[in-house]
Amino acid sequence: MHTRIVEVVEENPAVKTFRFRYNVKVLPGQFCMVWDGAGEEVPMSFSYTGKIKGVTVKKVGKTTDLLHRRKPGEVLRIRGPFGTHYPVSSKKYLLVSGGTGIASLAPAAEKIVGRGGKCRFVAGFRNASEIFFIERLRNAGIDVEIATDDGSAGFRGFVTELAGKLFAGESFDYIIACGPVQMLKEIGRRFAEKVETYISIESLMKCGIGLCDSCSILGYRVCREGPVFRAGELIEKGWLEE
Amino acid sequence: MHTRIVEVVEENPAVKTFRFRYNVKVLPGQFCMVWDGAGEEVPMSFSYTGKIKGVTVKKVGKTTDLLHRRKPGEVLRIRGPFGTHYPVSSKKYLLVSGGTGIASLAPAAEKIVGRGGKCRFVAGFRNASEIFFIERLRNAGIDVEIATDDGSAGFRGFVTELAGKLFAGESFDYIIACGPVQMLKEIGRRFAEKVETYISIESLMKCGIGLCDSCSILGYRVCREGPVFRAGELIEKGWLEE
Amino acid sequence: MKNPFILASGILDTYAETMLRVAEDAGAVVTKSIGMEERKGYENPVIFEFEHGVLNAMGLPNPGIERFGEEMKKLRGCRAPVIGSIFGKNEKEFAHLAERMEEYGAAAVELNLSCPHASGYGMEVGRDPALVKAIVRAVKEAVQIPVFVKLTPNVSDITVLGMAAEEAGADAVVAINTVRGLRIDLEFKRSVLTAGIGGYSGPGILPIGLRCVFELKKVLRVPIVGCGGITTWENVIEYLMAGASAVEIGTALRNDVRLFKNLGRGVKQYMKRKGYERVEEVVALAHQNR
Amino acid sequence: MKNPFILASGILDTYAETMLRVAEDAGAVVTKSIGMEERKGYENPVIFEFEHGVLNAMGLPNPGIERFGEEMKKLRGCRAPVIGSIFGKNEKEFAHLAERMEEYGAAAVELNLSCPHASGYGMEVGRDPALVKAIVRAVKEAVQIPVFVKLTPNVSDITVLGMAAEEAGADAVVAINTVRGLRIDLEFKRSVLTAGIGGYSGPGILPIGLRCVFELKKVLRVPIVGCGGITTWENVIEYLMAGASAVEIGTALRNDVRLFKNLGRGVKQYMKRKGYERVEEVVALAHQNR
Ligand SMILES: Cc1cc2nc3c(=O)[nH]c(=O)nc-3n(C[C@H](O)[C@H](O)[C@H](O)COP(=O)(O)OP(=O)(O)OC[C@H]3O[C@@H](n4cnc5c(N)ncnc54)[C@H](O)[C@@H]3O)c2cc1C
Ligand SMILES: Cc1cc2nc3c(=O)[nH]c(=O)nc-3n(C[C@H](O)[C@H](O)[C@H](O)COP(=O)(O)OP(=O)(O)OC[C@H]3O[C@@H](n4cnc5c(N)ncnc54)[C@H](O)[C@@H]3O)c2cc1C
Ligand SMILES: Cc1cc2nc3c(=O)[nH]c(=O)nc-3n(C[C@H](O)[C@H](O)[C@H](O)COP(=O)(O)O)c2cc1C
Ligand SMILES: Cc1cc2nc3c(=O)[nH]c(=O)nc-3n(C[C@H](O)[C@H](O)[C@H](O)COP(=O)(O)O)c2cc1C
Ligand code: FES
Ligand code: FES
């Protein structure tokens, strides 16, 4: 479906959020295929799942660079929502994001709190200048802690370490995480055996509808059986050794 | 849809009723395309519109002859229901049939009575040996009078004349009629200006779905804008002169 | 033409009265394909409707060119130009049929070189570029009115046929006629049509029609009339952007004889929204944007 | 083969792990078409899904025959025979690819002479009966395993290709690959696919695939594998009755990786109801009943 961009928000120098109307039910963790008619069609997680949907795009290459030039009023084609979603309930959650991983976790955190669940959120960034969405989360009453690689804000070090510290002091029903694959594997190694752990992974998407096999890992189509997986399921199949 | 014949009733030496399950809402006056996989596919009015549907077939040629050999348990393919239906309400009706025209009028009469309407039914046949469905109608509490060309039963003469007599003595809200085209034209001539008159006409059907024009008369597709027409509508277009 | 919508041949166009009705909203109407002699067509079933469209093998039923004169007479006052569709075995038949159509007052003739299920006619003739050329030449010599050539998609390369038609002087090409198709009845263990293989029309063939128009537009200078699978105004715009200057519509009319009116509204609104004033501005746009 | 359901080439068959998953319910699986060198394929969008099916122009992305050996190794324990699909420019490439597939343990090779959107490959080769013959001959000489030839419907007469394949020694033909098609994006005024024209698959092409199988059955003695548009078990029976001895299925798997299991149940129940014991009894029934 085609939709017009209603708002563009610069989250940090390399990340912009595009808001648009898309009248379809979307669950946190699901993604869409976004096409502006000029660049490539690319997968993006929904960073807003309410009435005005949104995707939050990091400029990393040709297409994301083109997308960053899009202005309100311009048209995007959205296919989706596709894929699995984060478990959302009134239980107690530890959410762990790395970089733009925060984009897909933010709506999950809001939904959990909305359902009466409890969230602790640890968000990792390379440095202070890359931080975004923290205000949004705090406004929703979510307790966020930050980790940066260089210590320019919050905890100095990997977000997985920070998560480990929190986990040592408190008990959680779920851990859900989104970020670079190395981070997700570390999450898997640390927590998957101890608590229900869900992770959202990226993969090369072409069709988005479970047809082409380009996104598959370990026999799972990331576009359909993922992008949100129970970490234990992947680990059983040898994901950590991959 | 395919369905199995559940019952075959011999109505008279040349007419058989085939009953079958067909779980679709059908209104009296509508027809279907019936195919047994061997002969041609032919249009037939629904003579039963309740749970177990039915068509009542007069043997007039190749295909109807083949149909007459079909036994319970054998398969028919039914397409439909197609076309318009008789107006059915709690008003007062005069129903006029000629020959197998009684097949499509019978369910209308039953529905009218079921709705609390009043029916007088005049049924024309060539002779007494061709009479059928009269029991059925009387069982439903409908007052039926018969006309035969040779006087072998009931009134001697055309059913249109008998209808004229009734009409002279009583007032009706609707006349609905089904039978040979000359009879229907006579109905039109006699009554269309005086009372709401609906007639069901036959025409050569191929597609049944309004595509091929084979059934069209006066710019109307009999399979879609018909087979039940308001007589006045056709008369305005010159039907009586055709 | 007051709008780009043309009634396709074979749909609601055997009788003048039905055509007059459709013509109220149409830019033009094409008659049922008419041949030299009366033909009854195949026995029923001649139609199979399913989710993605319709299969038909009518077998070119028609009253023959002589008797069709009566219908053409009734079409004299028609609000839209009447295009006479004709089918024949060879140049001679086509030329004769075209002459009669011209005498009857047809605004143009459309050569059915594409019906997929009548042996000796239609695509059996229209698949051969040399025959296409010969027939178009013969018809062009026989009549003054414009000559449209309706092409079959059931070929390896439709552009070869389009170029043959253009070289021979065709004034426009129409693409596409139905796609050869078959469905089987599981109970009766045979084709759903008496004739066996039929022609597939309706929304399921839209991508094939669009592809053919797109291919033809790359090589032709004469106007292209797009046909096949149109159900919505969006489909109409797609055909225009693929390279069609007008469209023919058949199958979708079964559910709505006034379809053209509704499509017209949709197309107009789209054009207004995008700032286009004339249909021509939309034609072949998809070729510019690669 | 434990059942007549074969995974079609290009769907969920680039990686061994996914194929192993589909293979649990399949009679056989065909690999993604593999060529001489790695190809990335076209840029996104390469897929367009709509009501009547899917258009794709992937551009034959594949790791190249050398690297594909790794996947084939992982497929050694596969519960279903693995058929290696290959595409090349000429006899030599095809023969080489087939040899490698045989070395890798493929149970058969399927020659992709039919992909409609990769220039220099697929149907551009497979439309020419002489080339088809030459390629099939070369492959037959190169390998011992059975050779399947996958045909394109985008031709005037698919039986000519089928006969060429049979004469050259093909052990089976597969019909059909996708149908050339196009859809246009009204906002972006261009094809919905980067490559422009793509291949149409899914339920909308069912009548075309059935028709091709029906036509081929009339002239061929080698078994035919039906393919194109199968979504339900009824569609499978239609293909069998049209003349197929087995079927390949692609597009419908996207919504149900265990589709074969469900289809198998439906087919079995139908056969029981009708008193057939073996699939072969159903094959080509529609040819008997005219
Ligand atoms: C399910 C899913 C959800 C995603 N959600 C987001 C999101 O919310 N925000 C966001 O900024 N990005 C997200 N991505 C990643 C995003 O799709 C890529 O960053 C984007 O496709 C890069 O396109 P490009 O042309 O700008 O980069 P390219 O020039 O193509 O490549 C730049 C880098 O991006 C990587 N990349 C390219 N294509 C993909 C792809 N399809 N999937 C993953 N990595 C890719 C390349 O490997 C390379 O490292 C998501 C990816 C997936 C699979
Ligand atoms: C809307 C509609 C409802 C009908 N309902 C009934 C019904 O309830 N019971 C019933 O017995 N008959 C009904 N008929 C008529 C029935 O369709 C024909 O009697 C039948 O098609 C004759 O087929 P045949 O092969 O046996 O006859 P043929 O050998 O084809 O012809 C015998 C006679 O039937 C006429 N006929 C053939 N085909 C048709 C046709 N499609 N429509 C009308 N007349 C035709 C011929 O002109 C000829 O006079 C209906 C027709 C229509 C159009
Ligand atoms: C019932 C039917 C009859 C047709 N008869 C003819 C015909 O006589 N001559 C012709 O050129 N095309 C004929 N066609 C093809 C249509 O004109 C048109 O090319 C085709 O149906 C595709 O368009 P659509 O999808 O809008 O129907 C017929 C199509 C149908 C469905
Ligand atoms: C995404 C996609 C990729 C395909 N790739 C190939 C391929 O690499 N080789 C091939 O021979 N056919 C390929 N095909 C064609 C299918 O194998 C099959 O012939 C076609 O899709 C029709 O079957 P279906 O309707 O069941 O999908 C592909 C089809 C799709 C949809
Ligand atoms: S992107 Fe095609 S199967 Fe997942
Ligand atoms: S039977 Fe075809 S239009 Fe009525």
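This is a predicted model, so every value here is computed, not measured.

S.K.: Lay out the overall build of chain A in plain terms, naming residues and giving numbers.
M.R.: For chain A, the helix and strand inventory stands at six helices and 13 strands. Relative to the compact-globule value of 18 Å for 242 residues, chain A shows a C-alpha radius of gyration of 17 Å, a close match. Dimensions along the principal axes, computed over C-alpha positions, put chain A at roughly 50 × 40 × 35 Å. For chain A, the proportion of its 242 residues judged to be buried stands at 60%. Residue pairs in contact within chain A that sit at least 24 positions apart in sequence constitute 61% of those at least 6 positions apart. Element-wise, carbon and sulfur atoms account for 49% of the exposed surface of chain A, whose accessible area totals about 9,700 Å². Here chain A contributes 35 positively and 28 negatively charged side chains, and the mean placements of these two sets differ by 5 Å.

S.K.: Report on the overall build of chain C, specifying residues and quantitative values.
M.R.: Across its full length, chain C holds ten helices and 14 strands. Here the C-alpha coordinates of chain C stretch approximately 50 × 50 × 40 Å along the principal axes. Taken across its 290 residues, chain C has 68% of its residues classed as buried. The contacts in chain C between residues at least 6 apart in sequence include a share of 71% that link residues at least 24 apart. Total accessible area on chain C stands at roughly 9,800 Å², and carbon and sulfur atoms take up 47% of it. Charge separation in chain C, taken as the distance between the mean sites of 36 positive and 35 negative side-chain charges, equals 4 Å.

S.K.: Could you give an account of the site of ligand 4, with specific residues and numbers?
M.R.: Residue and element names in this part refer to chain D. Taken together, 22 residues sit near ligand 4, with S9, S33, K150, G229 and T251 positioned nearest. At 3.1 Å, a backbone N or O of I176 approaches an oxygen atom of ligand 4. Between ligand 4 and the protein, one listed contact pairs an oxygen atom with a backbone N or O atom of G202 at 2.9 Å. Against a free-state accessible area of 600 Å², the protein chains account for coverage of 98% of ligand 4. Its residues assigned to classes, the shell around ligand 4 comprises seven nonpolar, 13 polar and two charged.

S.K.: Please set out the nonpolar core residue by residue, giving values where relevant.
M.R.: One broad rule of soluble globular proteins: the nonpolar side chains tend to lie buried together. Core analysis: the largest hydrophobic core is formed by 304 residues, its most contacted members being V96 of chain A, V96 of chain B, M101 and L111 of chain C together with M101 and L111 of chain D. Once residues within four sequence positions are removed from consideration, V96 of chain A is found in contact with L105, V122, V159, A163, I175, I176, A177, C178, M183 and I187 of chain A.

S.K.: A description of the interface of chain C and chain D should follow, citing residues and the corresponding values.
M.R.: The interface of chain C with chain D comprises 46 residues on the first partner and 46 residues on the second. Roughly 3,900 Å² of surface becomes buried between chain C and chain D when both sides are summed, with 59% attributable to carbon and sulfur atoms. Seen at the junction of chain C and chain D, the total is six salt bridges. Our count for the chain C to chain D interface comes out at 22 residue pairs in polar contact (both at pLDDT 80 or more). Elements supplying a minimum of two residues to the side of chain C that touches chain D: β9 (179–181), β10 (184–185), α7 (206–219), α8 (233–242), α9 (259–274) and α10 (285–288) of chain C. Classifying every residue of the side of chain C that touches chain D gives 24 nonpolar, eight polar and 14 charged.

S.K.: So what's going on with the site of ligand 2? Residues and values would help.
M.R.: Residue and element names in this part refer to chain B. As a matter of local geometry, ligand 2 sits amid 17 residues, with P43, T56, K58, T63 and T64 nearest to it. Between ligand 2 and K62, the relevant distance is 3.4 Å, taken from an oxygen atom to a main-chain nitrogen or oxygen of the residue. Take T64: an N or O atom from its side chain is 2.4 Å from an oxygen atom of ligand 2. In terms of residues, the shell around ligand 2 owes the most to one element, strand β4 (residues 42–48), which gives four residues. Residues that form the shell around ligand 2 fall into these classes: eight nonpolar, six polar and three charged. Residue-level mapping places the shell around ligand 2 at the junction of two domains, with at least three residues from each of domain 1 (2–81) and domain 2 (92–241).

S.K.: Give a detailed account of the side chain of E110 of chain C, specifying residues and quantitative values.
M.R.: Residues and elements named next belong to chain C. One can find E110 in strand β6 (residues 108–112). One buried charge, E110, has no salt-bridge partner; the nearest side chain with opposite charge is K150, at 4.1 Å. In this structure E110 touches S9, V30, I83, G84, S85, I86, F148, K150, V174 and E248, once residues within four positions along its chain are discounted.

S.K.: Mind laying out the pairing of strand β6 (residues 108–112) of chain D, listing which residues take part and the relevant values?
M.R.: Residues and elements named next belong to chain D. β6 sits mainly inside the fold: five of its five residues count as buried. Burial along β6 is two-sided: A108, E110 and N112 and V109 and L111, pointing in opposite directions, are all buried. Bridge count for strand β5 (residues 82–86) against β6 is four bridges, and the pairing is parallel. When the bridges of β6 are listed, I83 appears paired with A108. The handedness of the β5 to β6 crossover, carried by helix α3 (residues 91–103), is right-handed. By the bridge criterion, four bridges tie β6 to strand β7 (residues 147–150) in an arrangement that is parallel. Each residue of the ladder has a partner; that of L111, found in β7, is V149.

S.K.: Describe a nonpolar patch on the surface, and please don't skip the residues or the numbers.
M.R.: A surface patch of nonpolar side chains, amounting to about 190 Å² of accessible area, comprises V160, M163 and V219 of chain C. As for its position among the elements, M163 of chain C is in helix α6 (residues 158–167).

The rules behind the values
- Think of each chain on its own: its residues are numbered from 1, step by step along the sequence as written.
- Going through the entries in the order they are written, you letter the chains from A and number the ligands from 1.
- Confidence filtering applies because this is a predicted model: local features only for residues at pLDDT of at least 70, side-chain atom pairs given and counted only at 80 or more, and all residues used for totals across whole chains, interfaces and linings.
- Computation of side-chain values: all heavy atoms of the structure, hydrogens and water removed.
- Each helix is a run of DSSP H or I of at least 4 residues and each strand a run of E of at least 2, with the numbering of both proceeding from the N terminus.
- For the radius of gyration, the atom set is restricted to C-alpha positions; the globular benchmark scales as 2.2 Å times the number of residues to the power 0.38.
- Three exposure classes are used, based on accessible area relative to the maximum for each residue type with a 1.4 Å probe and protein chains only: buried under 20%, partly exposed in between, and exposed over 50%.
- The contact definition used throughout considers only heavy atoms, calling two residues in contact when any of these lie within 4.5 Å.
- Here the accessible surface of atoms and residues is derived via Shrake-Rupley with a 1.4 Å probe, and residues count as covered only by protein chains that are part of the display.
- The charge count includes Lys and Arg as positive and Asp and Glu as negative, but it does not include His or the ends of the chains.
- A charge is said to be at NZ when it belongs to Lys, at CZ for Arg, at CG for Asp and at CD for Glu.
- Throughout, near means a residue has at least one heavy atom within 4 Å of the molecule or strand.
- Identification of polar contacts relies on pairs of N or O atoms within 3.5 Å, with a donor-acceptor requirement for protein atoms, meaning one able to donate a hydrogen and the other able to accept it, and with residues adjacent in sequence counted only if both atoms are side-chain atoms.
- Note on residue categories: nonpolar means Ala, Val, Leu, Ile, Met, Phe, Trp, Tyr, Cys or Pro, charged means Asp, Glu, Lys or Arg, and polar means any other residue, Gly included.
- Nonpolar core, defined: a set of buried Ala, Val, Leu, Ile, Met, Phe, Trp, Tyr and Cys residues in which side-chain atoms within 4.5 Å join the residues together.
- We define buried area as the total accessible area lost by two parts upon association, computed with a 1.4 Å probe and summed across both.
- We define a salt bridge as a contact between a side-chain nitrogen of Lys or Arg and a carboxyl oxygen of Asp or Glu at a distance within 4 Å.
- Either an automatic procedure or a domain database provided the assignment from which the domain bounds are taken.
- In short, DSSP must find at least two bridges between two strands for them to pair.
- A right-handed crossover is one whose linking path, passing over the helix from the first strand to the second, runs clockwise when the strands point away from the viewer.
- Candidate patch residues must exceed 30% relative accessible area and have no salt bridge, after which like charges are joined if within 9 Å and Val, Leu, Ile, Met, Phe, Trp or Tyr side chains if within 5 Å.

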